[in-house]
Amino acid sequence: MQLGFMISTIFSVVLGSVFAIIIATLNKKVVKDRQKKIDFKKSDIYFYWTRWDYVTIICAAYAFICIVGLAVCLLMEKTIDNNWVQFFLHQAFMFSLLSSIWFITRIAYVFKGIKERWSDEFK
C-alpha cells in the first residue's frame, strides 16, 4: 500500500470516528418502544436541525475540498504514484460517500417520522 493511501486511511478512521461520536451522542434523545423501534410521537429530534446536520455539511464540504485538491494535482500533471493524488482520491471518495449516506439516512428518518407521527391525523 502506498504512503498516500495509508495516511488517508488513518485520517479517515480518525475523522470518521470523531463524526460518529458526535452523531452517536444524539441517541440519548431518541425514545424507543418495547420492540426497540423509534417512537416518533415522543422523539422529535429528527424534525429539528441538529449536530447530525452540521456534521453532514462539514463532511460534504471536506469532500468538495478534497475533490478540488485532486483536480489541482491532476492539472499539475501528477500521476497516481504521487502521494497527494492518492490522499485526495481516497478522501474524496470516502467522504463524499459518507456524506451521501448520512443525507439519505436523515431524509429517510424524517419521512418515516412524518408517516408514523401524522398518519392518524390525516385519516
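This section reports on the structure supplied with the text. (Residues numbered from 1 in each chain as written. Predicted model: local features only at pLDDT ≥ 70, side-chain atom pairs only at ≥ 80, totals over all residues. Heavy atoms only, no water.)

As a packed pair, helix α2 (residues 51-75) and helix α3 (residues 83-118) sit with axes 8 Å apart at the nearest point and diverge in direction by 150 degrees. Comparing the axis directions of α2 and α3 gives the class roughly antiparallel. Handedness of the crossing formed by α2 with α3: left-handed. Its residues placed into classes, the contact of α2 with α3 shows 21 nonpolar, six polar and two charged. (Axes fitted to C-alpha atoms, helices over the stretch in contact; angles between N-to-C directions. Helix = DSSP H or I, 4+ residues; strand = E, 2+ residues; numbered from the N terminus. Parallel < 35°, antiparallel > 145°, perpendicular 65-115°, else oblique. Left-handed = near helix turned anticlockwise from the far one by under 90°. Nonpolar A, V, L, I, M, F, W, Y, C, P; charged D, E, K, R; others polar.)

Below, the discussion takes up the state of the cysteines. Applying the stated criterion to the full structure yields zero disulfides. Among the cysteines around cysteine 59, which has no disulfide bond, cysteine 66 carries the closest sulfur, lying 9.5 Å off. Cysteine 59 sits in the buried class, given a relative accessible area of 0%. (Disulfide = S-S within 2.5 Å. Buried < 20%, exposed > 50% of the residue type's maximum accessible area, 1.4 Å probe, protein only.)

So, about the nonpolar core. Note that soluble globular proteins tend to have their nonpolar side chains buried in a common cluster. One finds Phe19, Tyr46, Trp52, Phe88, Phe95 and Trp102 to be the most contacted residues of the largest nonpolar core, which totals 22 residues. For this core, the elements supplying multiple residues, two or more each, are α1 (3-24), α2 and α3. With eight residues, the single largest contributor to this core is α2. When neighbours within four sequence positions are excluded, phenylalanine 88 is seen to be in contact with Cys66, Gly69, Leu70 and Cys73. (Core = buried A, V, L, I, M, F, W, Y, C linked by side-chain atoms within 4.5 Å. Contact = heavy atoms within 4.5 Å.)

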